Amino acid sequence: MIYHHILVAYDGSEAADKALKQAVELTERNMGSKLTVVHVLYRSALSFEGFVGIIPGDYQEKLREYEDALIQKASERISVLSYAEIIVVTGYPATVILETAADRNCDLIVMGSRGLGAFKEWMLGSVSHHVVQHARIPVLVVK
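Everything in this summary refers to the structure shown in the same document.

1. Here's the deal with the pairing of strand β1 (residues 5-9)
- With five of its five residues buried, β1 lies for the most part within the structure.
- Covered by surrounding structure in β1 are His5, Leu7 and Ala9 together with Ile6 and Val8, the residues of both alternating faces.
- Strand direction decides the pairing type here: β1 and strand β2 (residues 34-41), joined by five bridges, are parallel. What sits directly across from Val8, in β2, is Val37.
- In the classification by handedness, the crossover that spans β1, the intervening helix α1 (residues 14-29) and the parallel β2 is right-handed.
- When β1 meets strand β6 (residues 108-112), the two strands line up parallel, connected through three bridges. Bridge pairing in β6 places Ile6 opposite Leu108.

See the structure below:
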C-alpha cells in the first residue's frame, strides 16, 4: 500500500522509538511520501475548585530539557528523509494525534503501544486504543 503522508506519535518511550523506526522505514519505501512526527505536551490539570497548583520553575526547566532531548533524538532519526518534520502540540494526546492527522491530510498514523493488559486498559484508558477506535484512516500500532 502506498502512503503519501504518515503521522507518527512520539513521546520518547521504547514503544514510540520502535514506532518512529517503523514510520521512517515506511516513508523510505514510499518514494515521495512525507513524515510528520508529532510530540504532544500534556500537562494534567493541577487545579480544582478554589485551588490552582503551581509547578516549580526548576521542574518546568527540567521538563523543557527532557522534551528538547526528545525532539533532538527524533530529529536525528528522521534526518535520512527528504520530507519530514517535527511538530510539538499541547493538549490531550489522543485528541491531538487525531486532529493533527486530519489537519495535515495524513493517510496513516503510526504509534507505539504500551502493552497494557485488558484490565489496565479498561481502567486507565489508552491513547493508542482511543486513536484506533476514532481514527478515520489506518492506524499501525507497533509493539
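2. Focus: the pattern of salt bridges
- Applying the stated rule across the entire model yields six salt bridges.
- A salt bridge links Arg64 to Glu61; the nearest nitrogen and oxygen atoms lie 2.9 Å apart. Here Arg64 and its partner Glu61 are both found in helix α2 (residues 57-78), three residues apart, which amounts to about one turn of the helix.
- Take Glu61: its relative accessible area is 38%, and that puts it in the partly exposed class.
- Taking the shortest distance from any N to any O, the salt bridge between Glu85 and Arg104 comes out at 2.6 Å. Separated by 19 residues along the polypeptide, Glu85 in strand β5 (residues 84-90) and Arg104 in the loop between α3 (93-103) and β6 bring together distant segments of the chain.
- Classification of Glu85 by relative accessible area gives partly exposed; the value is 22%.
- Taking the relative accessible area as the measure of exposure, Arg104 reaches 31% and is therefore partly exposed.

Scoring rules and cut-offs
Residues numbered from 1 in each chain as written. Predicted model: local features only at pLDDT ≥ 70, side-chain atom pairs only at ≥ 80, totals over all residues. Heavy atoms only, no water. Buried < 20%, exposed > 50% of the residue type's maximum accessible area, 1.4 Å probe, protein only. Helix = DSSP H or I, 4+ residues; strand = E, 2+ residues; numbered from the N terminus. Pairing = 2+ DSSP bridges. Right-handed = clockwise from strand over helix to strand, strands pointing away. Salt bridge = Lys/Arg side-chain N within 4 Å of Asp/Glu carboxyl O.

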